[in-house]
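The primary structure of each chain is shown beneath.
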Amino acid sequence: REAVKCPRLAVLQSRLGSTGLSAKSAVIGTLRHDLFERCLREKDTSRRSAALFTRDIIRNNAEALVGCGVTDRKEAFGEVIKTLPQIQSFLDMYTSWNATKKGQGMVSTKHGGALLKGMFPLYDAFLSIDEVFATEEWALVPELGLKGNVDATVLGRIKPVQSSTAPSAGNAERDALVPVELKTGHNQNAQHNHLAQLSVYTIMLRARHGSASNGDACSINNEETPNLIERGAASSGMLLYLNDKSFCAKHVKPSLSDIKTLVGQRNGIVCDVLNAARPRGIALKYDEGNNKSKVVVNEPPPPSALPPLLSSTSSCERCYKNRECMMYTSADGAGNETSFNAPRTNLPHRRLIDHFTGHLTGTDLEYFRKWDRLIDLERHASPSDIAKSWLYDSDEKEAKDGKCISSVILDVTHLSATLVKTNDSGIDGDATIRFRRSSESKSKQPITNLHFEKGSYVTIRTDGASSSAQSQRMQQSGSKCRTKRRRILIFRGSVASVTETSIDVILQQKDVSRLSSKSMFRIDRDELSNGAGLLLQNLVNFFTLDIPPFSTEALGQTPLKMKQLTQNTDSSARRRRLTNSIIRLEPPPRFSAVSEEDLFSEGVSFHDFVAGCDKSSLKRDFAKLNSDQKAAVLKVIAAEDFAIIQGLPGTGKSATIVFLTRLLVARGKRVLLTSYTHSAVDNLLCKLMDSGVNSSDLAPNPIVRIGRESSCHSNVHTLLAQNIACEAERQESNISSSTFTKPNADVLFNVVSSARVVGVSALTAPRSPLLAGQKFDVVIVDEAGQISQPAIL
């Protein structure tokens, strides 16, 4: 979608990924998407049901609501439910589920439905929706190198017409899978990037399910799809603009030339992405004397090779990635007399560049380019091989590297229990599904011997759908033309537990009904995420996060005034201190004079409201430390900027950190504990609890852990923010059962805000919405030698 607007935007999105944080409008839009999809899936738009759906949706998205500052559940409920009248009108118009249609002046068919206006009169069609095939279907088409989430896929009767009043007698109706792309913004004018996005989805569905227009549907039967018989995908789709005031549905039918153009743009973007991440600034030189080659690093590091900026600045001024884009633009020109740095005043984007990067110096930009290159080199050295799994049969892949489980089937007994449990919860969330080895499996080795552990991300698809398997079937059948093929049913999930003969996978509950007990599956480990995008985003944020968004009001400001505007905030002052310490290594860290007697003197104020952090217990435990540990404690307390504790394994660093955390809390400080690994964070939190830090009447939740339950040690599950918030709601409602499996945003926000110690991994912290707007007095990084600087910026 981004490629249609700007290739540079698409490359930046691929390089940096998602931050995990969204603006209020984006979060509310996501919630409205969920309500539309839930009403569509349940075929129910009654006020009572919609209110129940909305409350469930708000709970499921509590973290995102906290991140955008919406902690009032009534406000969130009102923002989402106000779209219900338009959803009702849409379903009444295009489905036969409700007898009365609310659209006026629309011509209905005998099946129910209405006219779907095309971008041109020639593309007008009648559409009647009969069933819902999937919502938020994660579609992956390896043959085309495309992936995406389709908002809704419906089974509908679609019939082209030649006029806006009557159907054409020459065109027969067809049942087909039709993609529906929903947009909930205020602008209801069709945009080119939205049209391109839906056009790509039509291509993907036809590649996955076959084409309804030529009878090339997938060779599946009722047993493989329990609740729905596939008829193939339509060559068109519906682009639906729906907000709280009105809705507008468009019929989008891409032509062959449109498809060729989109695929060509996709290929061009792939080349641009690979070119931007290509190793740069290094070369192999051959030494004839020693008959050896060596790696030579060129300095200064060259910038990333991104696509050029758009010639017009109007789109750039409104772009959601303009801050990151201008950072790379400035880094591209620094130190180069022939590039952006010298003729900067003549650039059309000069005001944007000055607004976001006018405060940076050449040293700052050199630091950015250095780490930008190092991160790309690290990413290049550890490539993902998930794409290669499509080239191997499951048993061959399993034997090759142990990152695939071949020939597994659903455990029907466990599936029935799971469905009962998830349906009773009333929340459209996750479900745990058990797969076990099929008796027909060629592999007999225990699943525990393979590379799958709790928390691993996986993809699940029908076995026998790889490229080699399909080629074999074509050769055996002797067919040279495009034949019917087995459907590639793909889901994504994470591992909950592993035994020798079975594996439990956490999937979205709405996907469970599409699994068949008669089908055989393969499970591949998904290793697409390596954190490189997060490191690059941290690097950009380090220099520009405190800069306000660009607005037209800034156009009248001179570069000097704009520079002054970015230097008069608390955030900018903090950034300057950090850049001086990290990049320029100046001034040297400052320490005040603190002695052992000063540590617990009467002049020091202690806050004894946290259990285990009272003055008497701290004084007792301080006496038990050895001389090196005591010196480290005094050094940290005396530090005005930062301090570093270094020691060999087993010398008591963790014990020192635990004591320091308790001491800082007793002195009224709020502490963030972090490390590169989840296990290191959990180890510190467990030792804090062992030292007596616990809940009390004045501090009910002094320690909070942020992260996924599957990634955390079982001993800290009670400290997880989600679990604490759920327990608080149960106690408030006097309900002892597990009715509340997910908390509301206000309770979740209060739990995190009241915590005196928060533990989180270094790679989770920047993208966790729960930490948005949270402030800490001290940050403690354990095992800091394992972390690169961009990971903790």
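Counting restarts for each chain: residues are numbered from 1 in the order of the written sequence. The model is predicted, so local features are restricted to residues of pLDDT at least 70 and side-chain atom pairs to those at 80 or more, both for listing and for counting; the totals for chains, interfaces and linings are taken over all residues. Hydrogens are left out, water is left out, and the side-chain values use all remaining heavy atoms of the structure.

**A short note on the pattern of salt bridges**
Close approach of charged atoms allows side chains of opposite charge to pair.
No. 1: By definition, a salt bridge exists where a carboxyl oxygen of Asp or Glu is found within 4 Å of a side-chain nitrogen of Lys or Arg. All chains considered together, the criterion is met by 37 salt bridges.
No. 2: Residue Asp130 is joined to Arg157 by a salt bridge in which the shortest nitrogen-to-oxygen separation is 3.1 Å. You can see Asp130 sitting in strand S2 (residues 125–141) and its partner Arg157 sitting in strand S3 (residues 146–160), a full 27 residues away along the chain.
No. 3: Relative accessibility under 20% of the residue-type maximum defines a buried residue, over 50% an exposed one, and the middle range a partly exposed one, all with a 1.4 Å probe and only protein chains included. Judged by relative accessible area, Asp130 falls into the buried class, the value being 19%.
No. 4: Note that Asp621 is salt-bridged to Arg620, the shortest N-O span being 3.5 Å. Helix numbering and strand numbering both begin at the N terminus, where a helix is a DSSP run of H or I of at least 4 residues and a strand a DSSP run of E of at least 2.

**Quick look at the sheet that holds strand S13 (residues 457–462)**
No. 1: Pairing between strands requires that DSSP locate at least two bridges from one strand to the other. What the six strands build is a closed barrel, ordered S11-S12-S15-S14-S13-S16; its pairing is antiparallel. Mean inter-strand twist for the sheet, computed between neighbouring axes without regard to direction, equals 45 degrees.
No. 2: Of the strand pairs in this sheet, strand S14 (residues 490–498) and strand S15 (residues 502–508) are connected by four bridges, and their pairing is antiparallel. Looking at the pairing, Val495 lines up with Val505 of S15.
No. 3: What makes two residues a contact is simply this: any of their non-hydrogen atoms within 4.5 Å. Orientation is described by axes fitted as lines to C-alpha atoms, over the contacting stretch for helices, and by angles from 0 to 180 degrees between their N-to-C directions. On the sheet, helix H14 (residues 394–401) packs against strand S11 (404–410), strand S12 (430–437) and strand S16 (521–525) and is oriented at approximately 135 degrees with respect to S11.

**A short note on the pairing of strand S1 (residues 114–118)**
No. 1: Burial analysis of S1 places four of its five residues in the buried class, which makes it a mostly covered element.
No. 2: Two strands pair when backbone bridges link them, and S1 and S2 are joined in this way by three bridges, in the antiparallel orientation. Looking at S2, one finds that Ala114 is bridged to Leu127.
No. 3: Counting the residues that bridge the hairpin from S1 to S2 gives six residues.

**A word on helix H24 (residues 653–666)**
No. 1: In this scheme, a helix's expected span is set at 1.5 Å multiplied by one less than its residue total. With 14 residues, H24 should cover 20 Å at 1.5 Å per step; its first-to-last C-alpha distance of 20 Å lies within 8% of that length.
No. 2: A large share of H24 lies buried, amounting to 12 of its 14 residues.
No. 3: Regarding H24, the residues found buried are Ser654, Thr656, Ile657, Val658, Phe659, Leu660, Thr661, Arg662, Leu663, Leu664, Val665 and Ala666.

**A short note on a nonpolar patch on the surface**
No. 1: The patches reported here contain residues having more than 30% relative accessible area and no salt bridge. Joining distances are 9 Å for like charges and 5 Å for nonpolar side chains (Val, Leu, Ile, Met, Phe, Trp, Tyr). Computed with a 1.4 Å probe, the accessible areas rest on the Shrake-Rupley method; for each residue, only the protein chains presented here act as cover. On the surface, Ile282, Leu284, Val295 and Val297 cluster together to form a nonpolar patch covering roughly 380 Å² of accessible area.
No. 2: Where the nonpolar patch is concerned, the elements lending two or more residues are strand S9 (282–287) and strand S10 (292–297).

**Remarks on the packing of aromatic side chains**
No. 1: Ring pairs are drawn from Phe, Tyr and Trp, using the six-membered ring of Trp, whenever the two centres fall within 6.5 Å, and their geometry is named by plane angle: stacked under 30 degrees, edge-to-face over 60, tilted for the rest. This structure, assessed with the given rule, holds 11 aromatic pairs.
No. 2: Plain terms: the ring middles of Phe435 and Phe521 are 5.8 Å apart, the flat faces sit at 75 degrees to each other, and that makes the pair edge-to-face. Of this pair, Phe435 sits in strand S12 while Phe521 sits in strand S16, and the two are 86 residues apart along the sequence. For the pair formed by Phe435 and Phe521, the shared burial category is buried.
No. 3: Relative to Phe606, the ring of Phe600 lies with its centre 6.0 Å away and its plane at 15 degrees, an arrangement referred to as stacked. With respect to burial, Phe600 and Phe606 carry one shared label: buried.

**Quick notes on the confidence of the model for the protein**
No. 1: You can read pLDDT as the predictor saying how much it trusts each residue, on a scale of 0 to 100. In this model, the protein carries an average pLDDT of 81, and 82% of its residues clear a pLDDT of 70 or more.
No. 2: Below pLDDT 50 for its whole length, residues 163–171 participates in 15 contacts with residues either more than four positions away or in separate chains.
No. 3: Contacts of residues 419–427 to residues separated by more than four positions or lying in other chains number 14 contacts, the stretch itself having pLDDT below 50.

**Here we look at the packing of helix H23 (residues 627–638) against H24**
No. 1: Following both chains from N to C, one finds H23 and H24 inclined at 40 degrees, their axes separated by 10 Å at the closest point. Relative to H24, H23 is oriented oblique. At the point where H23 passes H24, the crossing takes the right-handed sense. Contacts from Gln629, Ala632, Val633, Val636 and Ile637 in H23 reach Ala655, Thr656, Phe659, Leu660, Leu663 and Leu664 in H24.
No. 2: Across the contact of H23 with H24, the residue classes break down as nine nonpolar, two polar and no charged. Angular relationships are summarised with four words: roughly parallel below 35 degrees, roughly antiparallel beyond 145, roughly perpendicular across 65 to 115, and oblique for the angles in between. Definitions for this section: a left-handed crossing has its near helix turned counterclockwise from the far helix by less than a right angle. A right-handed crossing has that turn clockwise. Any residue that is not Ala, Val, Leu, Ile, Met, Phe, Trp, Tyr, Cys, Pro, Asp, Glu, Lys or Arg is counted as polar, Gly included; the first ten are nonpolar and the last four charged.

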